Amino acid sequence: GQNIDQPTEMTATEGAIVQINCTYQTSGFNGLFWYQQHAGEAPTFLSYNVLDGLEEKGRFSSFLSRSKGYSYLLLKELQMKDSASYLCAVGVYNQGGKLIFGQGTELSVKP
Amino acid sequence: GAVVSQHPSRVICKSGTSVKIECRSLDFQATTMFWYRQFPKKSLMLMATSNEGSKATYEQGVEKDKFLINHASLTLSTLTVTSAHPEDSSFYICSAPRGQMSTEAFFGQGTRLTVV
């Protein structure tokens with residue numbers, strides 16, 4: 001079975017750094033994805049990790065530890081427009097494109 | 001631009017009627033597509049895997065007679081919500097991987113269904 005866990009809500013201040021954690025237990029792992037979703041819109045792809053380590057992409061970075069079943073998304077220099085839901089998702093092995101999502105973390109960025 | 005197009009973006013229907021939602025891959029062929037449902041302030045819940053030329057694979061707890069899936073061509077999958085009720089009101093979204101070995105799925109724009 002699949003179990004993906006992330007905090008429900010987080011609040012941070014504009015200009016600060018925030019780390020959103022995700023832990024997972026899966027029967028077949030094919031990479032970990034992070035998506036950003038604004039209310040009423042489709043998710044937007046942020047990052048993909050399949051090997052251990054840190055992937056940096058501008059203000060966003062994502063980290064994966066497969067042995068610990070753990071990932072985090074790091075957002076730097078927070079902006080008001082970063083207020084959104086952040087979804088952690090695990091790719092299912094041998095089923096290309098199939099994703100199992102965590103419950104999502106609602107991030108509120110305040111001035 | 002979008003690589004997966006979903007239509008309609010919003011639909012309001014009366015209880016008891018059926019609603020069809022289309023998901024198209026625009027510049028690639030998708031032998032597999034995925035349908036998700038999202039409740040307010042919740043995450044995406046996988047409903048089913050749509051397989052071109054064969055029956056869809058439904059996740060546990062999803063009524064296949066309620067949510068009919070047809071994947072008649074390599075670029076189109078449809079989800080029909082049959083005999084809709086207010087509890088079926090939700091955000092429905094499809095995705096398609098580009099290539100059989102692709103790990104990333106491209107999402108459609110989503111459909112907001114309201115049953116009155």
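Below is a short write-up of the structure. Given the structure is predicted, the values throughout are model-derived calculations rather than measurements.

1. A short note on the interface of chain A and chain B
(1) Moving on: With 20 residues of chain A in contact, the opposing surface of chain B contributes 21 residues.
(2) Moving on: A combined buried area of about 1500 Å² lies between chain A and chain B, and 58% of that area is made up of carbon and sulfur atoms.
(3) Moving on: Ranking the residues of chain A by area buried against chain B places Gly 97, Lys 98 and Phe 101 of chain A at the top, with a combined share of 29%.
(4) Moving on: Remark: the boundary between chain A and chain B carries one salt bridge.
(5) Moving on: Put simply, chain A and chain B have four residue pairs in polar contact (both at pLDDT 80 or more) between them.
(6) Moving on: Where the side of chain A that touches chain B is concerned, the elements lending two or more residues are β4 (29-37), β5 (44-49) and β10 (99-101) of chain A.
(7) Moving on: For the side of chain A that touches chain B, the element with the highest residue contribution is β4 of chain A, accounting for four residues.

2. Some thoughts on the environment of Glu 77 of chain A
All names here are of chain A.
(1) Moving on: Relative to the elements of secondary structure, Glu 77 occurs in the loop between β8 (70-75) and β9 (84-92).
(2) Moving on: Overall, the relative accessible area of 53% leaves Glu 77 in the exposed class.
(3) Moving on: Each C-alpha atom of the pair Glu 77 and Phe 60 lies 9.4 Å from the other, and the pair is 17 residues apart in sequence.
(4) Moving on: Contacts of Glu 77, omitting those with residues within four sequence positions, involve Gly 15, Ala 16, Arg 59 and Asp 82.

3. Quick look at the sheet that holds strand β7 (residues 67-73) of chain B
All names here are of chain B.
(1) Moving on: In spatial order, the strands read β1-β3-β8-β7; together these four strands make up an open sheet with antiparallel pairing. In this open sheet, the two edge strands, each paired with only one partner strand, are β1 (4-7) and β7. When strand polarity is set aside, the average angle formed by the axes of neighbouring strands in this sheet is 15 degrees.
(2) Moving on: Two elements, strand β3 (residues 19-25) and strand β8 (residues 76-81), share six bridges in a ladder whose sense is antiparallel. Residue pairing in the sheet places Val 19 in a bridge with Val 81 of β8.

4. Quick look at the state of the cysteines
Residues and elements named next belong to chain A.
(1) Moving on: On inspection of all chains with the given rule, the structure shows two disulfides over all chains.
(2) Moving on: Between the sulfur atoms of Cys 22 and its disulfide mate Cys 88 the distance is 2.0 Å. Around the S-S axis, the bridge from Cys 22 to Cys 88 shows a dihedral of about -65 degrees and counts as left-handed. Taken together, the positions of Cys 22 in strand β3 (residues 18-25) and Cys 88 in strand β9 put the pair 66 residues apart, joining distant regions of the chain. In this pair, the class of Cys 22 matches that of Cys 88, namely buried.

5. Examining the packing of aromatic side chains
(1) Moving on: Summed over all chains, the structure comprises 15 aromatic pairs over all chains.
(2) Moving on: Cluster of aromatic residues (ring-pair linked, three or more members): Phe 33, Tyr 35, Phe 45, Tyr 48 and Phe 101 of chain A together with Tyr 36 and Phe 107 of chain B.

6. Digging into the pattern of salt bridges
All names here are of chain A.
(1) Moving on: Under the defined criterion, the tally for this structure stands at six salt bridges over all chains.
(2) Moving on: Residue Arg 59 pairs with Asp 82 through a salt bridge whose shortest N-O separation is 2.8 Å. In this pair, Arg 59 sits in the loop between β6 (53-57) and β7 (60-65) while Asp 82 sits in the loop between β8 and β9, placing the two residues 23 residues apart along the sequence. In terms of burial, Arg 59 and Asp 82 fall into one category: buried.

7. A closer look at the sheet that holds strand β1 (residues 3-5) of chain A
All names here are of chain A.
(1) Moving on: The strand order β1-β3-β8-β7-β6 describes an open sheet built from five strands, whose pairing is antiparallel. In this open sheet, the two edge strands, each paired with only one partner strand, are β1 and β6. Ignoring strand direction, the axes of neighbouring strands in this sheet form an average angle of 15 degrees.
(2) Moving on: Two strands pair when backbone bridges link them, and β6 and β7 are joined in this way by five bridges, in the antiparallel orientation. Across the sheet, residue Glu 55 finds its bridge partner in β7, namely Ser 62.

Scoring rules and cut-offs
Residues numbered from 1 in each chain as written. Chains lettered and ligands numbered in written order. Predicted model: local features only at pLDDT ≥ 70, side-chain atom pairs only at ≥ 80, totals over all residues. Heavy atoms only, no water. Contact = heavy atoms within 4.5 Å. Buried area = accessible area lost by both parts, 1.4 Å probe. Salt bridge = Lys/Arg side-chain N within 4 Å of Asp/Glu carboxyl O. Polar contact = N/O pair within 3.5 Å; in protein donor to acceptor, adjacent residues only side chain to side chain. Helix = DSSP H or I, 4+ residues; strand = E, 2+ residues; numbered from the N terminus. Buried < 20%, exposed > 50% of the residue type's maximum accessible area, 1.4 Å probe, protein only. Pairing = 2+ DSSP bridges. Axes fitted to C-alpha atoms, helices over the stretch in contact; angles between N-to-C directions. Disulfide = S-S within 2.5 Å. Phe/Tyr/Trp six-rings, centres within 6.5 Å; stacked < 30°, edge-to-face > 60°.

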